[in-house]
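Each chain, letter by letter, is given below.
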Amino acid sequence: QACSQATRTPLGVAVIVDKAMQLLLEMVRSRQADSPFAFQLGPQQYVLRTALGGAETARLDWDAELLDDLIALRSPNPSAERIQRMGARLRQFLMTTSFGQSEAAILDAVGRGEAVQVTLRFAASELFALPWELLTIGASGVQLGALPSLLLRYAWPQTQTAQPTSPTPASE
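Note that the coordinates shown come from a computational prediction; the quantities given were computed from them, not determined experimentally.

Q: Any chance you could explain the overall build of the protein here in plain terms?
A: Of the regular secondary structure elements, the protein holds three helices and nine strands. Order of helices (α) and strands (β) in the protein, N terminus to C terminus: β-β-β-β-β-α-α-α-β-β-β-β. A burial count over the protein gives 38% of its 172 residues as buried. If you sum the accessible surface of the protein, you get close to 9,900 Å²; carbon and sulfur atoms cover 52% of it.

Q: Please explain the pairing of strand β3 (residues 20–29) as it appears in this structure.
A: Consecutive side chains along a regular strand alternate between the two faces of the sheet. Burial within β3 is extensive, with seven of its ten residues counted as buried. When β3 meets strand β6 (residues 115–122), the two strands line up parallel, connected through eight bridges. The residue of β6 that forms the bridge with M27 is F122. Where β3 and strand β4 (residues 42–49) come together, three bridges link them in antiparallel fashion. Bridge pairing in β4 places R29 opposite Y46.

Q: Can you help me understand helix α1 (residues 64–72) in this one?
A: Spacing of three or four residues puts side chains on the same side of an α-helix, whose turn is 3.6 residues. Three or more residues of α1 are buried, namely L66, D69, L70 and A72. Along the long axis of α1, the arc covered by the buried residues comes to 165 degrees, so they all point the same way. Structural note: α1 exposes A64 and I71 on the side pointing more than 90 degrees away from its buried face. In this structure, the buried residues of α1 make contact with β5 (55–62) and α2 (80–94).

Q: For this particular structure, what's the right way to read empty space enclosed by the protein?
A: Any empty space left between the atoms is revealed when a probe the size of a water molecule rolls over them. Applying the stated rule across the entire model yields one cavity of 30 Å³ or more. Lining the largest cavity are L25, L94, F99, I106, V118, L120, W132, L135, I137 and L144. Grouping the constituent residues of the lining of the largest cavity by class yields ten nonpolar, no polar and no charged.

Q: I keep staring at the nonpolar core and nothing clicks. Help me out?
A: Generally speaking, a soluble globular protein has its nonpolar side chains buried in company with each other. Among the nonpolar cores identified, the biggest contains 36 residues, and F93, I106, L127, L130 and W132 are the most heavily contacted of them. At the level of elements, β3, β4, β5, α1, α2, α3 (99–111), β6 and β9 (150–155) are the ones that each hand at least two residues to this core. Residues within four places of I106 in sequence aside, it is in contact with M21, L23, V116, V118, L147 and L150.

Q: Honestly, the side chain of R29 in this entry has me stumped. Any pointers?
A: Looking at where R29 falls in the secondary structure, it is placed in strand β3. We classify R29 as buried; its relative accessible area is 1%. A polar contact is formed between the side chain of R29 and the side chain of E126, at a distance of 2.9 Å. In contact with R29, other than residues within four places in its own chain, are S35, P36, F37, A38, F39, Q44, Q45, Y46, A124, S125 and E126.

Q: In this structure, what is going on with the packing of aromatic side chains? I would like to understand it.
A: Given two aromatic rings, their pairing is described by the distance between the two centres and the angle made by the two planes. Inspection of the entire model under this criterion finds seven aromatic pairs. For the ring pair F128 and Y154, a centre distance of 6.3 Å and an interplane angle of 50 degrees mean the geometry is tilted. Placement of the pair is F128 in the loop between β6 and β7 (136–137) and Y154 in strand β9, with a sequence separation of 26 residues. In this structure F128 comes out as partly exposed when scored by relative accessible area, which is 27%. Residue class for Y154 comes out partly exposed when judged on its relative accessible area of 35%. Feature note: the residues Y46, F93, F122, F128, W132, Y154 and W156 constitute an aromatic cluster, connected by ring pairs.

Here is what the cut-offs are and how they apply
Residues numbered from 1 in each chain as written. Predicted model: local features only at pLDDT ≥ 70, side-chain atom pairs only at ≥ 80, totals over all residues. Heavy atoms only, no water. Helix = DSSP H or I, 4+ residues; strand = E, 2+ residues; numbered from the N terminus. Buried < 20%, exposed > 50% of the residue type's maximum accessible area, 1.4 Å probe, protein only. Areas by Shrake-Rupley, 256 points an atom, 1.4 Å probe, with all protein chains shown as cover. Pairing = 2+ DSSP bridges. Arc of directions from axis to C-beta. Contact = heavy atoms within 4.5 Å. 1 Å grid on protein atoms, 1.4 Å probe; cavity = no way out; pocket = protein on both sides within 12 Å on 5 of 7 lines; lining within 4 Å. Points joined across faces, edges and corners; volume = space filled by probe spheres on them. Nonpolar A, V, L, I, M, F, W, Y, C, P; charged D, E, K, R; others polar. Core = buried A, V, L, I, M, F, W, Y, C linked by side-chain atoms within 4.5 Å. Polar contact = N/O pair within 3.5 Å; in protein donor to acceptor, adjacent residues only side chain to side chain. Phe/Tyr/Trp six-rings, centres within 6.5 Å; stacked < 30°, edge-to-face > 60°.

Next up, the structure:
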């Protein structure tokens, strides 16, 4: 795929491939980073890798309120208050980093009607339990999952998506 345009954001290079902006957010737990399943309740520090190989830290408190909200959000009809609170909490978590600039690039691309692909690669398994689709973006409070033309992907570190194969014709 030919890269037609690239915009550097602090968290990564937002690459435009076939008219789709692609942004990668990579995070690892700051303690026991080599053990993705070593989760503990309470405050956790995470390291967010930046585009030029740097690192920024963000803190998330895995407290009773967060756990209660996660459980409540699994119900068929979660309250709008819980949905908004979770989205705001995820934003607060990321805004301690330079995510705001990447957020602006996402909103700009969506505003122009371009496709956007955000990949979340986490080496801390607990981060996959969070509803990233609810992350509020920008001052309007719109949720990431509600943005038109945005695809949110999840990736496990040191893996790659297999390319689709062509079906083998049936022998006669």
